[in-house]
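Single-letter residue listing:
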Amino acid sequence: FNEKFASCYIHLRKPDKKIYKYVLKKIQLNAEETIFIDDRLENITSANSIGMHGIKFTNYNNLILKLKKQDIKI
């Protein structure tokens, strides 16, 4: 990863949609071009609501399968 976004510095927290929009602006990507991975469904739902592709993390193997379904090369 090239950048890190810490809530304590940007004063935004998940699941507030503003944090996802802030990050997208900073990395200069559209929501549809991104995959958001988190272990909390509330955060996934919020990211999905702005067009991001959310994946709920449950374990490593499941994550790999879901990423492959998105045509992400592992």
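Since the model is a prediction, treat every value here as computed from it, not as a measurement.

Caption draft 1: Geometry of the side chain of asparagine 43. Inspection of the secondary structure puts asparagine 43 in helix H3 (residues 41-49). Residue asparagine 43 is classed as buried on the basis of its relative accessible area of 2%. The contact partners of asparagine 43, leaving out residues within four places of it in the chain, are Lys14, Pro15, Tyr20, Phe36 and Asp38.

Caption draft 2: Inspection of the pairing of strand S2 (residues 53-56) at higher detail. Relative to S2, strand S1 (residues 35-38) runs parallel, the two being bridged by 4 bridges. Paired with isoleucine 35 across the strands is histidine 53, a residue of S2. Each parallel crossover has a hand, and for S1 linked through H3 to S2 it is right-handed.

Caption draft 3: Seen up close, the pattern of salt bridges. Taken as a whole, this structure holds 2 salt bridges when the rule is applied. For lysine 14, the salt bridge is made with aspartate 38, and the minimal N-O distance between the two is 2.8 Å. Here aspartate 38 lies in strand S1 and lysine 14 lies in the loop between helix H1 (7-10) and helix H2 (17-27), a separation of 24 residues in the sequence. Residues arginine 40 and glutamate 42 are paired through a salt bridge, measuring 2.8 Å at the closest nitrogen-oxygen approach. Relative accessible area serves as the criterion here: at 44%, arginine 40 is assigned to the partly exposed category.

Rules used in this analysis
- Each chain has its residues counted from 1, running along the sequence as written.
- Predicted model: local features are reported for residues with pLDDT of at least 70 only, side-chain atom pairs are reported and counted for 80 or more only, and whole-chain, interface and lining totals are derived from all residues.
- The basis for every side-chain value is the complete set of non-hydrogen atoms in the structure, without hydrogens or water.
- By definition, any uninterrupted DSSP run of H or I lasting at least four residues is a helix, any uninterrupted run of E lasting at least two residues is a strand, and each is numbered from the N terminus.
- Whether a residue is buried, partly exposed or exposed follows from its accessible area with a 1.4 Å probe, protein chains only, as a fraction of its type maximum: under 20%, in between, or over 50%, in that order.
- Whether two residues touch is decided by their heavy atoms; if any such pair falls within 4.5 Å, the residues are in contact.
- Being paired, for any two strands, means DSSP has found at least two bridges between them.
- Note on handedness: a clockwise path from strand one over the helix to strand two, with the strands aimed away from the viewer, defines a right-handed crossover.
- The term salt bridge refers to a side-chain nitrogen of Lys or Arg lying within 4 Å of a carboxyl oxygen of Asp or Glu.

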